[in-house]
Every structure is written in C-alpha cells, then in structure tokens.
Amino acid sequence: MSRVVLDHESLVRLVGFVGIFVGMALLERLAPARQLSRQGRRWLTNLGLSATARLVVYMFVQFVLPVAGVGIAFWAQDRGIGLFNNLSVAPAVAFIISLFALDGLIYGQHVVFHRFEILWRMHKVHHADPDLDVTTAVRFHPLEILISLFVKAAAILALGVPPLAVIAFEVLLNGTAMFNHANLKLGATANRILSLFIVTPDMHRVHHATDYDAQNQNFGFNLSLWDRVFGTYRHADKAELSAMPVGLAEYATDEEKLKPTEFIWSLILPFVTTRLPTENKPAKGAKESGK
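A quick note: this is a predicted structure, and the numbers were derived from the prediction, not measured.

S.K.: For this particular structure, what's the right way to read the packing of helix α3 (residues 39-63) against helix α7 (residues 142-159)?
M.R.: Two quantities define a packed helix pair, namely the angle between the helix axes and the distance between the axes. Running from amino to carboxyl end, α3 crosses α7 at an angle of 45°, the nearest separation of the two axes being 8 Å. It follows that α3 is oblique to α7 by the angle criterion. Viewed along their axes, α3 and α7 form a crossing whose handedness is right-handed. Along its contact with α3, which presents T52, A53, V56, V57, F60 and V61, the element α7 presents P142, I145, L146, L149 and F150. Broken down by class, the residue content of the contact of α3 with α7 amounts to 10 nonpolar, 1 polar and no charged.

S.K.: How should I be thinking about the packing of aromatic side chains in this particular structure?
M.R.: Geometrically, a pair of aromatic rings is defined through the distance of the ring centres and the angle of the planes. For the structure shown, the criterion picks out 7 aromatic pairs. On the numbers, 5.8 Å between centres and 70° between planes, the contact of F21 with W43 is edge-to-face. In this pair, F21 is assigned in helix α2 (residues 9-30) and W43 in helix α3, connecting sequence segments 22 residues apart. Using a relative accessible area of 12% as the deciding quantity, one classes F21 as buried. Taking the centre distance of 5.0 Å and the plane angle of 90° together, the rings of Y251 and W265 count as edge-to-face. Of this pair, Y251 sits in the loop between α13 (238-242) and α14 (263-272) while W265 sits in helix α14, and the two are 14 residues apart along the sequence.

Thresholds, definitions, all that
- Residues numbered from 1 in each chain as written.
- Predicted model: local features only at pLDDT ≥ 70, side-chain atom pairs only at ≥ 80, totals over all residues.
- Heavy atoms only, no water.
- Axes fitted to C-alpha atoms, helices over the stretch in contact; angles between N-to-C directions.
- Helix = DSSP H or I, 4+ residues; strand = E, 2+ residues; numbered from the N terminus.
- Parallel < 35°, antiparallel > 145°, perpendicular 65-115°, else oblique.
- Left-handed = near helix turned anticlockwise from the far one by under 90°.
- Contact = heavy atoms within 4.5 Å.
- Nonpolar A, V, L, I, M, F, W, Y, C, P; charged D, E, K, R; others polar.
- Phe/Tyr/Trp six-rings, centres within 6.5 Å; stacked < 30°, edge-to-face > 60°.
- Buried < 20%, exposed > 50% of the residue type's maximum accessible area, 1.4 Å probe, protein only.

In structure tokens, the structure reads:
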C-alpha cells in the first residue's frame, strides 16, 4: 500500500483534496453554522488564489529549485541526511513523530506570520476574507505558500522525514484546514470532545475574528495541542461565536467590505498595504479597530 501511495503521490494528494473539499462543501449545505453572504465572487477569488499559488509553486519547483516536500524527503533518504535517516528508529515511530513535528512547525510558522510585518502583509490576504467557509482554507497568497514550501523543506531535511509521512501530512493538513474553516455546525458536546484533540470550526473561528486579541489565539491548523501547550488557546461559547464578526476590521465598512472578494485586489494586497499587525491593536480604553 505504501509503495502505491509513493508511486502515485500527486494523484493521492489531488483525490484527497478534491474529496475532502467536496465533502465539506456538501456538509456546509446540510448543516451550516451561519448564513453567509457574497458566496459567488468569494468562491471564485478564493479558488483563484489557490490555483495561482499551486501554479507558482509548480513553476518554481520545476524550473528554479526542486524543493517539493516528497522529492526532498527521497533526496535526503538516499544521501542519509536528517535525524531519522541516521538513527535506528522503527519506521512507524519515525512516521508518527514526523507528523507531530511538522504539525508543530506549522503552528510556529503561523505565529511568526502574525508577528512580523513583511510576513503579515502576505498572511492578511487569508484573514481578509469577510466570511468563513471551506474555501477560506485555500485562500492564501502565492508568496506565503512559497515561503511555507521552504520552511517545510528545511524541516524535512533536518529530521529526515520519511516520504510517506510527508504525503500523509500534506493530505492531513489540507483536510483538517478545510474542516476547521468550514461553515459547519457542530453540537456543543461534539465540539468540546473534538477540540481536545483537533482544531474545530468553532475553535478556529475565534482566530478569524476582527478582534485583535482573538486573532492572536487559536493558531493551530490540525492538533489543538500546540495552542494549549503554548498558552494561545481560547474558548468561545456559541453565543459569543454567533456575535463574532470575522475578517479584518479595516475592511468592514460598506465602502471596503467587497474589496477582499476581488481576485486582483487580494493578489496585490501585500504590496500596497501599510498597516502593521501591532498598529491595529486598540489603545487601552479605546474602541477596538481590528487587526
């Protein structure tokens, strides 16, 4: 089975992505958490950004530097580079540890993208979405995806992550991101139990709130472990969530609110924005202005 997955890596990832995306989109129709607006243009923009990012990554890997995760993992494995390629560790143990390590890395990367202006310029494209659903999970600027590619490649080299673990992690990351961004209604009990282990839609909605402090909590994409360990976890009950606007407060006015649903506007946002992450935090006692 593992040989089949490795030999058809691209197909496995594509089938996993499409299958989970369609599944989440259908579940959103059956059990929506809230009524959304501007879906048509939003979906086109979000999917357009995703397609553009994938094209940029493909062109870069093919014609500039071959840093795709699975290729790097095979390259490191053949040359004995990385921790697990130099230790007598059971394949199953290396596989599991790699999944946890890569997930922790993505948590840390997410935190860093919120801390530094040059990185926030790219990441705010994701946060600018005025609604939250499965398409938000793929709404990332191509430059952010390219940087993430290098970050993961460095970790794969350092750890000697097995190729199969790289594939499993990418499918898992895509799947859980689509799940926790989905406009999906979960019961209170189900949410409470699931959020002990993984990031749920209710948990991640807090991170997408217009409130500055909320945006600096619940950074996880897959495991909720990291937010709990590093003190960035925040619980919100159903009443709080239902009254919680998402997006960026700077684009919440009637004049600005449609801009994030435009493809070209979203694509050039990192190059024209001037507002820093910390500049959005309201002064003590002042009215909250968003992130």
